[in-house]
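Each chain, written out:
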Amino acid sequence: RNYVEQAVDAIRAQVGGERVILGLSGGVDSSVAAALLHKAIGDQLTCIFVNNGVLRSREAEVVQQVFGKNFHIKLQYEDATRIFMTRLKGVTDPERKRKIIGETFIRVFEEVAREHDDSRFLVQGTLYPDVVESGHGSGTATIKSHHNVGGLPDDLKFKLVEPLRDLFKDEVRQAGLAMGLPEEIIWRQPFPGPGLAIRIIGEVTEERLRILRHADVIARHELHLAGLDREIWQCPVVLLADVRSVGVQGDGRTYGHPIVLRPVSSEDAMTADFS
């Protein structure tokens with residue numbers, strides 16, 4: 001609660017009377033950031049949800065329902081699937097995918113934000129592990145680039161507001177609970193900004209996304225039925241799209257792509273053990 005009070009004061013001091021926009025994903029980080037900003041500045045905040053085409057099944061519908069209708073936060077929805085898929089065509093390297101998605105998101109965001117040309121600030125749910133892993137912390141090496149750290153263009157037209165930048169994931173959850181956010185949001189499994197694009201080993205295509213979305217739904221449903229939602233921190237479901245495996249169905253051979261399940265437990269979102 002002390003942190004929330006301090007963060008609200010800091011946001012008001014930084015933003016003043018200016019209007020603010022926030023890129024909402026529906027994950028715990030952007031959700032807590034949205035709650036903090038809304039608590040601090042109310043209707044000065046507009047949340048923009050960009051569908052990048054590599055979301056999980058029904059992700060877009062759930063975000064619009066929870067934040068637009070339930071939380072009564074101003075929310076604008078933009079479906080940019082075609083733009084992202086075009087720029088990802090033929091790309092297989094995970095780092096390039098991250099950079100492309102990060103920069104494309106900002107460009108789409110800027111285009112949408114022209115409708116809110118009086119906004120001067122952009123809110124991000126950047127956490128301390130994002131900064132460290134991207135090699136931006138003191139004495140740190142780059143482990144992997146995060147789209148909200150390594151993918152931002154130099155000519156960004158907004159001033160950044162990052163109220164969670166010094167927090168670890170468990171601390172973000174505690175802040176969310178202190179503000180009364182529902183547990184279904186707080187304990188939601190983390191999902192990377194580049195989405196399913198980096199859970200497809202190989203080129204991102206509509207057919208591969210369809211397969212992976214279906215597999216992800218099955219895996220999450222089974223974890224829920226087993227009562228493992230809290231015990232397993234994250235369960236990436238990965239499609240080895242460049243690998244073909246052979247099987248037998250009926251009297252004939254079939255060929256398909258292997259699916260990898262990687263359930264892990266973690267407290268700080270930087271280190272993990274297998275579950």
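Refer to the structure above for everything that follows.
Residues numbered from 1 in each chain as written. Predicted model: local features only at pLDDT ≥ 70, side-chain atom pairs only at ≥ 80, totals over all residues. Heavy atoms only, no water.

Draft legend 1. Seen up close, the overall build of the protein chain. Helix and strand counts for the protein chain stand at nine helices and 11 strands. In terms of overall dimensions, the protein chain is globule-like: its C-alpha atoms have a radius of gyration of 19 Å, near the 19 Å expected for 275 residues. Seen through its C-alpha atoms, the protein chain measures out along the principal axes to roughly 70 × 45 × 40 Å. Relative to its 275 residues, the protein chain shows a buried fraction of 47%. A sequence separation of at least 24 residues applies to 72% of the contacts in the protein chain between residues at least 6 apart. Counting only carbon and sulfur atoms, one obtains 48% of the accessible surface of the protein chain, whose full area is about 14,200 Å². Positive and negative side-chain charges of the protein chain, numbering 34 and 39 respectively, have mean locations separated by a distance of 3 Å. (Helix = DSSP H or I, 4+ residues; strand = E, 2+ residues; numbered from the N terminus. Rg over C-alpha atoms; globule rule 2.2 N^0.38 Å. Buried < 20%, exposed > 50% of the residue type's maximum accessible area, 1.4 Å probe, protein only. Contact = heavy atoms within 4.5 Å. Areas by Shrake-Rupley, 256 points an atom, 1.4 Å probe, with all protein chains shown as cover. Lys, Arg positive; Asp, Glu negative; His and termini not counted. Charge placed at Lys NZ, Arg CZ, Asp CG, Glu CD.)

Draft legend 2. Seen up close, the side chain of arginine 188. Its place among the elements puts arginine 188 in the loop between α8 (183-186) and α9 (206-225). Judged by relative accessible area, arginine 188 falls into the buried class, the value being 18%. Within polar-contact distance, the side chain of arginine 188 engages the backbone oxygen of glycine 26 at 2.5 Å. (Polar contact = N/O pair within 3.5 Å; in protein donor to acceptor, adjacent residues only side chain to side chain.)

Draft legend 3. View of helix α2 (residues 28-41). Here α2 is 14 residues long and its end C-alpha atoms lie 20 Å apart, about the 20 Å a rise of 1.5 Å per residue gives. With respect to burial, α2 is a largely interior element, 12 of its 14 residues being buried. By the burial criterion, the buried members of α2 are Val28, Asp29, Ser30, Ser31, Val32, Ala33, Ala34, Ala35, Leu36, Leu37, Ala40 and Ile41. Once α2 finishes, glycine 42 follows within two positions and takes phi at roughly 60°, a positive value. (Expected span 1.5 Å × (residues − 1).)

Draft legend 4. Looking closely at the pairing of strand β4 (residues 119-123). The element β4 is largely enclosed, with a buried count of four among its five residues. Two elements, strand β1 (residues 19-23) and β4, share four bridges in a ladder whose sense is parallel. Its bridge partner lying in β4, valine 20 is registered against phenylalanine 121. For β4 and strand β5 (residues 159-161), the ladder comprises three bridges, and the chain directions are parallel. Of the residues in β5, the one forming a bridge with leucine 122 is leucine 160. (Pairing = 2+ DSSP bridges.)

Draft legend 5. Highlighting the packing of aromatic side chains. Within this structure, the stated rule accounts for four aromatic pairs. Residues phenylalanine 49 and tyrosine 77 carry aromatic rings whose centres are separated by 5.8 Å and whose planes lie at 25° to one another, so their mutual orientation is stacked. Within this pair, whereas phenylalanine 49 is found in strand β2 (residues 45-51), its partner tyrosine 77 is found in strand β3 (residues 75-79), the two being separated by 28 residues in sequence. Residue tyrosine 77 is classed as partly exposed on the basis of its relative accessible area of 31%. Members of the aromatic cluster, joined through ring pairs, are Phe105, Phe109 and Phe158. Here the guanidinium or amino end of arginine 56 rests over the ring plane of phenylalanine 191, the centre of that ring lying 4.1 Å away. (Phe/Tyr/Trp six-rings, centres within 6.5 Å; stacked < 30°, edge-to-face > 60°. Lys NZ or Arg CZ within 6 Å of the ring centre and 35° of its normal.)

Draft legend 6. Geometry of the pattern of salt bridges. Summed over the entire model, instances satisfying the criterion amount to 12 salt bridges. Between arginine 188 and glutamate 59 there is a salt bridge, with the nearest N and O atoms lying 2.0 Å from each other. Here the residue arginine 188 occupies a position in the loop between α8 and α9, and glutamate 59 occupies one in helix α3 (residues 59-70), the gap between them amounting to 129 residues. As far as the burial class goes, arginine 188 and glutamate 59 line up, both buried. Note that arginine 114 and glutamate 111 form a salt bridge whose closest N and O atoms lie 3.3 Å from each other. Here glutamate 111 falls in the partly exposed class, since its relative accessible area comes to 47%. If you follow the salt bridges from partner to partner, you end up with Arg56, Glu59 and Arg188 in one network. (Salt bridge = Lys/Arg side-chain N within 4 Å of Asp/Glu carboxyl O.)

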